[in-house]
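So you can see what is in the structure, the chains are spelled out below.
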Amino acid sequence: MSSPWIAEISAVFRKEVKSELRNKSATYASFMLNAVTVFTLAFAFFGRKLTSEAATGMLWAALLFAGVGTLTRVFVSEEEQGTADLLRLWSRPHAVYWGKALFAFVLMTATALVVALLFFLLTGIQIAVWQLLCMTLVGASAALAGTVTLVSALIARGKNRGTLAGVVALPLLVPLVALGVSAVRVAVEGGTNSLAPGWSSCGGVWLYTLLVLATAPYQFAVIWGEQ
Amino acid sequence: MKWVAFLAMAALTVAAFLVPPAKGFPEPDLARIIFFHLPCAFSTVIFVLFAAYCSWRYLATRQMVWDFRAAAASEISCGVGVATMLTGILFSKVQWGDWWSWDPRQTSFLIVLFLLGAYFGIRMHFEDDILRARVAAAYSTLMLLPILFLFFVFPRLPQVLKVSLHPSTTVQTGAFTNDYKAVLVSIFVVLLAMCIWIYKMHVRTSQLEQLLKDRHGNLENYSDGTTAHRVDRNVPVH
């Protein structure tokens, strides 16, 4: 990738970081929402033994809602503040997408790690294979960031965006969740079964991520350039 | 032509009850619902893929007719998809003992219906025709990736095949006689013909609606009826 592209992408990324640092209310609200979600899920099983199947399912539900709740504002906020047209004039669509997706990836990775740590801490579940858990969470964060950034651009000018975001994004992410649940379950259970299915599911998560990131910028360019 | 299709479907429905039942099912006589379940499932796949193709064509050409085609194909796929789900649920109750068995194929099909539901959700949330067409087309091509995964990859994963209740092995190991297969394929062909007929009507209706909308929105260009003429009138200014 040539240096003008990198300069454009990093400029969009820096703009996102500065906007986030300038207005901390959205980050704070997302953090509180995620913390309360994880606490509620863990509290529902207070005093009971949580199986690895149930735990991984609950963790992925928390991650999914955290991702959709946190990342859909990426483009919605641009439309609300009236800065989207400026961004259109200033930068090429691919650079806007990659800059925004990169920021969403950093935000989602941090959110996923915090949510997972908090969840395992509160439920008392031990992790057997940390590497598998981390690789899966990072890969899933990239796929979530790529998908939800595109969905955010799609719904940015629609009506009832809050409701629409969940309706549109969640079914798209179900295959990712299916693969992620399978990988995290093996990461939790560890040595009782073979690790191979867990690593192959983790590979599936990364393959899904690659496919999303290979196609999403082109779809984004189509809807962003002419709005 | 449509009457031929209706009569053929009626005749094939009767034939579906006359052919000897297939072996290998817990309730062979009640497994006849497969005659309608499988054609509906195949039609869903065909129309979903066709809708994605039309959406891609819309993005490439920006001609509204491709948006109409994509919307019509999606609606047809949703209709036959719901029929697949309902017949599948009945099959599940009779053959497996539960209305919903969390069978991987059953579950993945439900997710495809959710994706189609989200597509219609998008269409409802945009008032501007061009913007709606563009966003819906982008979403339709975006959902192709999970749909391909759910239709073709997920049900064939070894760990999924192990727990699947779907009678794929029964079907592949010759549970269907030639008569059984002939009725099944005929129902599929007639159903597809009926779906194409409805699809064409839907596209034509959308085109006429668009024409009507254009005429109302551009009265100056409409030469058949009342034309909006320039009116000069004195306006008192105080």
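Computed from a predicted structure; not experimentally measured.

With that out of the way, let us pick up the overall build of chain B. Summing up its helical and strand segments, chain B has 9 helices and 0 strands in all. Pairs at least 24 apart in sequence give 75% of the contacts found in chain B among residues at least 6 apart.

The secondary structure content of chain A amounts to 9 helices and 0 strands. Seen in sequence order, chain A has helices and strands lined up from the N terminus as α-α-α-α-α-α-α-α-α. What you see for chain A is a C-alpha radius of gyration of 18 Å, in line with the 17 Å of a compact globule of 227 residues. Counting only C-alpha atoms, chain A reaches 55 × 35 × 30 Å along its principal axes. Of all 227 residues assigned to chain A, the portion counted as buried reaches 44%.

Contact with chain A, which involves 19 residues of that partner, is made by 23 residues of chain B. Elements with a contribution of two residues or more to the side of chain A that touches chain B: α7 (130-155), α8 (161-189) and α9 (196-224) of chain A. For the side of chain A that touches chain B, a count of residues per class yields 13 nonpolar, 4 polar and 2 charged.

The next subject is the packing of α8(A) against helix α6 (residues 144-153) of chain B. Running from N to C, α8(A) and α6(B) cross one another at 50°; their axes reach a closest spacing of 9 Å. Viewed along their axes, α8(A) and α6(B) adopt a mutual orientation that is oblique. Our pair here, α8(A) against α6(B), has a crossing hand that is left-handed. Two secondary-structure elements touch here, α8(A) through Leu172(A), Val174(A) and Pro175(A) and α6(B) through Pro146(B), Phe149(B) and Leu150(B). The residue inventory of the contact of α8(A) with α6(B), partitioned by class, reads 6 nonpolar, no polar and no charged.

This part covers unusual backbone geometry. Of note, the phi angle at Arg62(B) is positive, near 65°, even though the residue is not glycine. If you trace the backbone, Arg62(B) turns up in the loop between α2 (34-61) and α3 (64-96).

Judged by nonpolar contacts, the single largest core of 121 residues is most densely connected at Leu71(A), Ala104(A), Ala145(A), Leu154(A), Val168(A), Tyr139(B) and Ile187(B). Looking at which element gives the most residues to this core, the answer is α8(A), with 16 residues. When neighbours within four sequence positions are excluded, Ile187(B) is seen to be in contact with Leu12(B), Phe35(B), Phe36(B) and Pro39(B).

With 87% of its residues at a pLDDT of 70 or more, chain B shows a mean pLDDT of 84. As a predicted assembly, this complex carries a pTM of 0.81 together with an ipTM value of 0.77.

Turning to α2(B), a few remarks are in order. When the terminal C-alpha atoms of α2(B) are compared, their 40 Å separation across 28 residues agrees well with the 40 Å that a helix rising 1.5 Å per residue should span. Immediately beyond the C-terminal end of α2(B), within one or two residues, lies Arg62(B), with a positive phi of roughly 65°.

Turning next to helix α6 (residues 93-123) of chain A. In a regular helix each residue adds 1.5 Å, so 31 residues correspond to 45 Å; α6(A) covers 43 Å between its end C-alpha atoms and thus fits that length. Looking one or two residues past α6(A), Gly124(A) carries a phi angle of roughly 75°, positive in sign.

All right, on to the packing of helix α4 (residues 73-81) of chain A against α7(A) then. All names here are of chain A. Interaxial distance between α4 and α7 falls to 7 Å at its minimum, and their mutual angle equals 30°. With respect to their mutual orientation, α4 and α7 come out roughly parallel. Where α4 approaches α7, its residues Val74, Phe75 and Val76 are matched on the opposing element by Thr149, Ser152 and Ala153. Partitioned by chemical class, the residues of the contact of α4 with α7 number 4 nonpolar, 2 polar and no charged.

In this section: the confidence of the model for chain A. Averaged over every residue, the pLDDT of chain A is 84; residues scoring 70 or more account for 96%. Model confidence for chain A, summarised as mean pLDDT per element, is weakest for α4(A) at 79 and strongest for α7(A) at 90.

Analysis parameters
- Residues numbered from 1 in each chain as written.
- Chains lettered and ligands numbered in written order.
- Predicted model: local features only at pLDDT ≥ 70, side-chain atom pairs only at ≥ 80, totals over all residues.
- Helix = DSSP H or I, 4+ residues; strand = E, 2+ residues; numbered from the N terminus.
- Contact = placed C-beta atoms within 7 Å.
- Rg over C-alpha atoms; globule rule 2.2 N^0.38 Å.
- Buried ≥ 20, exposed ≤ 12 C-beta atoms within 10 Å, placed from the backbone.
- Nonpolar A, V, L, I, M, F, W, Y, C, P; charged D, E, K, R; others polar.
- Axes fitted to C-alpha atoms, helices over the stretch in contact; angles between N-to-C directions.
- Parallel < 35°, antiparallel > 145°, perpendicular 65-115°, else oblique.
- Left-handed = near helix turned anticlockwise from the far one by under 90°.
- Core = buried A, V, L, I, M, F, W, Y, C linked by C-beta atoms within 7 Å.
- pLDDT = per-residue confidence, 0-100.
- Expected span 1.5 Å × (residues − 1).

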